[in-house]
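# Remarks on the overall topology
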Amino acid sequence: MNAKFENLFYATSYLDRRSEFRLETNKVHALQKVEESVFLPQHQLRSLFYQHDDGAMARFWSYEQAAPFMEDGLVIYLGHEASEGRHYFALDVSAYDENHAGNVSGDDDFWEDLRRAGPLSQRTLASHLAYARGLFYWHQRHRFCGSCGSPTHVAQAGHMRQCSNGACGELQFPRTDPAVIMLIHDGERCLLAHHARLKEGMYSTLAGFVEPGETLEQAVRREVMEEAGIEVGEVTYAGSQPWPFPSSLMLGFYGRAQSEKITIAEDELTDAQWFSRKDLNGFKEAGRFLPSADSIARNLIEYWLKAE
Ligand SMILES: [Zn+2]
C-alpha cells in the first residue's frame, strides 16, 4: 500500500504562519488593526458558527467586533492566507458572557465544538479552527509552570508561555501528542474493531498513542499486538491529520498482518474481525457502519477498498 494522503479534513490550512511576527509584539498589535485581519472567536473551546446552505459556516470578526473582548481575551496570531490576502487571528472570549459574545455578529450565530460541527463545515476554515482549538486547549492547561508551580504568562503572539518566577523563567511551547492509527490487512481482508466507547455497529481501525522511547513502527506493532493479538510485518506510512480533540496528531499507516488468530483486549474492544472487500461493501445491510468521512480511519479504509 503506497497511499499518500495530503488533503485530509483539518489538514488544509495553508496559512503561512509567519513565525517571525511572534517575536515582534508591536508589529502584531499593529497588524490586528489592519483591514485585512480577521478574528476567529472561541468560547470554552467552542467556535462560533452560523447556518449556511452548505452547512455550518465559521464566523469571523473584524477588529472592531473583536476589540471589546481583547482586554480579558487571549489573542493568537495564526498566520497569513495569501490567496485571500487575510491575516488570521484566534480570540478566546471565555472570560465573557457567551450570549453577549455570541451575538456580536448575528442573532443566529451559535457556539459549537468543532468536533461536532467540523465535518459539516467548510474545510479550510475548519482547518484554521482546528489549529486554534489545539492552541487554546494547551493554554487552558498550562497556566502554571510545570517546574516550580508559579503562574505562566502568554508570549510570542500566543505561541509560547513563560514562567513568571524570574528565578525559573521556564519556557513552554504547545504540545502535540503523536498517535498511530493503522489499517492492518493480509491483502484480501482487513482488521476492524468495535471499540467499547464507539456507537453500536461502528467498526474502525486500531489506534493508540506513541510512548516515549518508541518509533512509530514499533508503536503500530505494539498496539495491534496488545489490542488484537495480531503480529504485524511491513508497516508503511500513509499520511497525517491534525486531530485537536484535544491534542493529537494522527499518523496513519498500513500494516501487513503476519498472523491470523485474533485475541482482543477486552478492556478496550468488544469485537474485532477480518473483513473482505465484499464484507465491507455489504456493511450497511449487516447493520454495521464505518467512521465518519472526516476521519483518517475512514480514508485508510476507503483507499484499501479501492486497491486490488
Ligand atoms: Zn517556573
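For the structure, see preceding data.
Notes on the structure in this doc start here.

Cut-offs and rules
- Residues numbered from 1 in each chain as written.
- Predicted model: local features only at pLDDT ≥ 70, side-chain atom pairs only at ≥ 80, totals over all residues.
- Heavy atoms only, no water.
- Helix = DSSP H or I, 4+ residues; strand = E, 2+ residues; numbered from the N terminus.
- Contact = heavy atoms within 4.5 Å.
- Pairing = 2+ DSSP bridges.
- Axes fitted to C-alpha atoms, helices over the stretch in contact; angles between N-to-C directions.
- Salt bridge = Lys/Arg side-chain N within 4 Å of Asp/Glu carboxyl O.
- Buried < 20%, exposed > 50% of the residue type's maximum accessible area, 1.4 Å probe, protein only.
- Phe/Tyr/Trp six-rings, centres within 6.5 Å; stacked < 30°, edge-to-face > 60°.
- Lys NZ or Arg CZ within 6 Å of the ring centre and 35° of its normal.

## Things to note about the environment of leucine 290
- Within the secondary structure layout, leucine 290 lies in the loop between helix 7 (277-281) and helix 8 (296-306).
- Between the C-alpha atoms of leucine 290 and leucine 280, which are 10 residues apart in sequence, the distance is 8.9 Å.
- Residues within four places of leucine 290 in sequence aside, it is in contact with Leu192, Met202, Tyr203, Leu280, Phe283, Arg298 and Ile301.

## Some remarks on the sheet that holds strand 9 (residues 171-172)
- The antiparallel open sheet is built from three strands, whose spatial order is 7-8-9. Where the open sheet ends on each side, the last strands, each with one partner, are strand 7 (152-155) and strand 9.
- Where strand 8 (residues 160-163) lies against strand 9, two bridges are found, and the strand directions are antiparallel. In the sheet register, glutamine 162 faces strand 9, and the bridge partner there is leucine 171.
- Against the sheet, helix 5 (residues 123-140) contacts strand 7, strand 8 and strand 9, and its axis sits at roughly 10 degrees relative to strand 8.

## Topic: the pattern of salt bridges
- A full pass over the atoms with the stated rule returns 14 salt bridges.
- The partner of arginine 46 in a salt bridge is glutamate 98, and the shortest N-O contact between them spans 3.2 Å. Of the two residues, arginine 46 is situated in strand 2 (residues 46-52) and glutamate 98 in helix 3 (residues 98-102); the sequence distance between them amounts to 52 residues.
- Residue classification places glutamate 98 among the partly exposed residues on the basis of a relative accessible area of 33%.
- Among the ionic pairs, glutamate 211 bridges to arginine 222, the shortest N-O distance being 3.8 Å. Within this pair, whereas glutamate 211 is found in the loop between strand 12 (206-209) and helix 6 (216-228), its partner arginine 222 is found in helix 6, the two being separated by 11 residues in sequence.
- Residue classification places glutamate 211 among the partly exposed positions, given a relative accessible area of 43%.

## Describing unusual backbone geometry
- Each neighbour pair has its own omega, and for phenylalanine 245 with proline 246 the value is 10 degrees, a cis peptide bond.
- Here the phi dihedral of glutamine 44 falls at roughly 50 degrees; this positive angle occurs in a residue that is not glycine.
- Its place among the elements puts glutamine 44 in the loop between strand 1 (37-43) and strand 2.
- A relative accessible area of 44% means that glutamine 44 is categorised as partly exposed.
- Here leucine 45, not a glycine, exhibits a phi torsion of approximately 70 degrees, which is positive.
- By the element assignment, leucine 45 lies in the loop between strand 1 and strand 2.
- You can call leucine 45 buried: its relative accessible area is 13%.

## Section: the packing of aromatic side chains
- Going through the model one piece at a time under the given rule, you end up with 18 aromatic pairs.
- Aromatic pair tryptophan 243 and phenylalanine 245: ring centres 5.0 Å apart, planes at 80 degrees, arrangement edge-to-face. Exposure class is identical for tryptophan 243 and phenylalanine 245. Each is buried.
- The rings of Phe21, Phe39, Tyr63, Tyr77 and Phe89 are connected pair by pair, giving a single aromatic cluster.
- Sitting over the ring of tyrosine 50, arginine 59 keeps its end group 4.1 Å from the ring centre.

Spatial relationships are all this shows, so hold off on functional conclusions.
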